[in-house]
Amino acid sequence: ELDVPIGTPIESATSSEGLRDAASGLYRRRFSNGLAVVNPTDQARSMDLGESLFLATPSGGGDIPADGVPTGTIAYAPVTRVTLPPNSAAILIRAR
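Residues numbered from 1 in each chain as written. Predicted model: local features only at pLDDT ≥ 70, side-chain atom pairs only at ≥ 80, totals over all residues. Heavy atoms only, no water.

J.: Describe in detail the pattern of salt bridges, supporting the description with residues and values.
T.: Two side chains with opposite charge may pair up if their charged atoms get near one another. One pass over the structure, following the stated rule, counts three salt bridges. With its nearest N and O atoms 3.5 Å apart, the salt bridge here joins Asp21 to Arg28. (Salt bridge = Lys/Arg side-chain N within 4 Å of Asp/Glu carboxyl O.)

J.: Please give an account of the nonpolar core that cites residues and values.
T.: Nonpolar side chains tend to gather and get buried jointly when the protein is soluble and globular. The biggest cluster of nonpolar side chains holds eleven residues, and these are Leu26, Leu35, Val37, Met47, Leu49, Leu53, Val79, Val82, Leu84, Ala90 and Leu92. For Leu92, the contacting residues outside a window of four places in its chain are Ile6, Asn33, Gly34, Leu35, Val37, Leu49, Leu53, Phe54, Leu55 and Val79. (Core = buried A, V, L, I, M, F, W, Y, C linked by side-chain atoms within 4.5 Å. Buried < 20%, exposed > 50% of the residue type's maximum accessible area, 1.4 Å probe, protein only. Contact = heavy atoms within 4.5 Å.)

J.: An account of the environment of Asn87 is requested, with residue identities and associated values reported.
T.: Structurally, Asn87 is set in the loop between β4 (73-84) and β5 (88-93). Residue classification places Asn87 among the exposed positions, given a relative accessible area of 58%. Asn87 sits 62 residues away from Gly25 along the chain, and the two C-alpha atoms are 12 Å apart. Discounting residues that sit within four places of it in the chain, Asn87 has contacts with Asn39, Pro40, Thr41 and Asp42. (Helix = DSSP H or I, 4+ residues; strand = E, 2+ residues; numbered from the N terminus.)

J.: Which residues make up the sheet that holds strand β3 (residues 45-59), and what values go with them?
T.: Strand order in this open sheet of five strands is β1-β2-β5-β3-β4, and the pairing throughout is antiparallel. One side of each edge strand has no neighbouring strand; the edge strands of this open sheet are β1 (27-31) and β4. Taking each pair of neighbouring strands and ignoring which way they run, the sheet shows an average axis angle of 35°. The pairing of β1 with strand β2 (residues 34-39) spans five bridges and is antiparallel. (Pairing = 2+ DSSP bridges. Axes fitted to C-alpha atoms, helices over the stretch in contact; angles between N-to-C directions.)

J.: How would you explain the side chain of Thr41 if you had to name every residue and give the values?
T.: Mapped onto the fold, Thr41 is located in the loop between β2 and β3. Residue Thr41 is classed as buried on the basis of its relative accessible area, which comes to 19%. Only 2.6 Å separates the side chain of Thr41 from the side chain of Asn39, close enough to count as a polar contact. In contact with Thr41, not counting residues within four places along its chain, are Pro86 and Asn87. (Polar contact = N/O pair within 3.5 Å; in protein donor to acceptor, adjacent residues only side chain to side chain.)

Laid out in structure tokens, this is it:
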């Protein structure tokens with residue numbers, strides 16, 4: 001388990017259709033400091049973000065040790081477009 005500072009949701013998730021990006025077929029949900037994007041399809045899909053965001057890429061991790069300090073790391077890379085493999089997701093943040 002790792003902490004990504006995405007913030008709190010600013011869009012309701014009561015209906016997934018309201019979160020679907022018609023141009024890409026991806027689902028996105030906006031947060032106060034970023035965006036979560038999901039590709040539920042069996043094909044790679046891309047989406048222009050309309051702004052520069054930092055793509056969170058986790059490494060390592062696993063169970064949280066007794067001291068509560070995660071053992072994994074998160075790298076952040078600036079992107080303006082995201083391509084997601086089939087059945088995957090991404091977390092993007094505005095500021096680190």
